Each structure stands twice: as C-alpha cells, then as structure tokens.
Amino acid sequence: MKNARKVGFAPIFDENSKIFILGSFPSVKSRQIDFYYGNERNRFWKTVCGYFHEEVPNSVEGKKAFLRRRNIALWDMVISCEIEGSADASVKLAETANLEVVLKNANIRKILLNGALAYDLFLKKYADLPIPYQKMPSTSPANPRFDETVWRNAFDDVFQST
C-alpha cells in the first residue's frame, strides 16, 4: 500500500487575490497537518510573512486569514498522485490542477511557481496564459540554492506597482 494515491488540498483564494503561488504537492508533514507547507524547515511561511513584516501565524486558520488579507492565492500544480515520502522526484501519475477555478474568480496579476516540478507541470498546460508567471527557487529545506531575494522581487512586482 506504499504507493496508494494521495490527494492534495483545495485552493485558498478569493476575488481579491492578486498573486497566485503554486507549489508541487504537499509534503508528508503538510499532509499530516492537512495544510500547505507544514514542514517547519520549509521557508515558505517565513519568506511570505516576512515580506509583509508579519509573524508566521501558528494555526491553519491564521495562515488562511493571512493569505486572504494579503491577497495571495495558494494551491499546488498536482492535486493527486502516487508519491513516496515528500520528494518531488518520486511523484508519479500526477493529476494536475485546473487553474481556471482560481483564474476566473480572482484578479491574478502574477503566478509564482515554487520549484522546478510546479514550473514544468505549469508549462505543459498553461504556458500560453496571458498572465505573467515566474519559476521561483523552491522553499523546500532540500533546496540548498534558495534565494529569498528572488521571492521579494517577485512580490514587489505585484504589491509595489499599484
């Protein structure tokens, strides 16, 4: 049963969302807490909250409220797959997200793809989208080349250009 199909999370967004962050698929720790970026060593929450000079919320509800307050939509490119552990390299038989669910109901100005797998899957289905998109350095603790400056600049493009 090691290769049982795993299911990801629903998107977090509302009509005011301006930036759409797409990861690959939830890690083991994320699946245990049933919310995005559950591994405390993942840099996602620290990076995103830090951009706005806010503390990382302690609860799932607090994180959802933060995302809505800051007009950030969050989802994963893979909504279900077979995976061993948390490594993107072990994702098999991936079912990808229908991004129209968010794009038709929000005011997305930019899409950020958290890591190589998210970016590669995005390009297969959505390379022709008229919305600017950008491959971001993965916030995963497994990525030794993480660069927070790239994330800050991408946020500036959306939140400093009002």
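Scroll up to find the structure this text is about.
Residues numbered from 1 in each chain as written. Predicted model: local features only at pLDDT ≥ 70, side-chain atom pairs only at ≥ 80, totals over all residues. Heavy atoms only, no water.

Details of helix α6 (residues 148-159)
1) Next: Between its terminal C-alpha atoms α6 stretches 16 Å, which fits the 16 Å expected from 12 residues at 1.5 Å a residue.
2) Next: Every buried residue of α6 is listed here: W151, A154, F155, V158 and F159. Seen from one end, α6 has its buried residues packed into an arc of 120 degrees, which puts them on one side.
3) Next: Near the N-terminus of α6, the side chain that reaches the backbone nitrogen of T149, with its oxygen 2.9 Å away, is that of D147. (Helix = DSSP H or I, 4+ residues; strand = E, 2+ residues; numbered from the N terminus. Expected span 1.5 Å × (residues − 1). Buried < 20%, exposed > 50% of the residue type's maximum accessible area, 1.4 Å probe, protein only. Arc of directions from axis to C-beta. Polar contact = N/O pair within 3.5 Å; in protein donor to acceptor, adjacent residues only side chain to side chain.)

Notes on the pattern of salt bridges
1) Next: Summed over the entire model, instances satisfying the criterion amount to five salt bridges.
2) Next: Where E54 meets R69, a salt bridge forms, and the shortest distance between an N and an O atom there is 2.4 Å. A residue pair is termed long-range when its members are at least 10 positions apart, and E54 in the loop between α2 (44-51) and α3 (60-69) and R69 in helix α3 qualify at 15 residues.
3) Next: The partly exposed category is assigned to E54, whose relative accessible area is 21%.
4) Next: A salt bridge links E61 to K64; the nearest nitrogen and oxygen atoms lie 3.7 Å apart. (Salt bridge = Lys/Arg side-chain N within 4 Å of Asp/Glu carboxyl O.)

Overview of α3
1) Next: For α3, the complete set of buried residues consists of K63, F66 and L67. All buried residues of α3 fall inside an arc of 95 degrees around its axis, so they share one side.
2) Next: Of the surrounding elements, those touching the buried residues of α3 are α2 and β3 (72-76). (Contact = heavy atoms within 4.5 Å.)

A few points about the sheet that holds strand β6 (residues 110-114)
1) Next: Strand order in this open sheet of four strands is β3-β2-β6-β7, and the pairing throughout is parallel. Here the strands that pair on one side only, and so sit at the sheet edges, are β3 and β7 (133-136). Put simply, the sheet's adjacent strands are angled 20 degrees from each other on average, direction ignored.
2) Next: Looking at chain direction, strand β2 (residues 19-23) and β3 are connected through five bridges and run parallel. Across the sheet, G23 pairs through a bridge with D76, a residue of β3.
3) Next: The strands touched by α2 are β2, β3 and β6; relative to β3, the strand with the most contacts, the crossing angle is about 165 degrees. (Pairing = 2+ DSSP bridges. Axes fitted to C-alpha atoms, helices over the stretch in contact; angles between N-to-C directions.)

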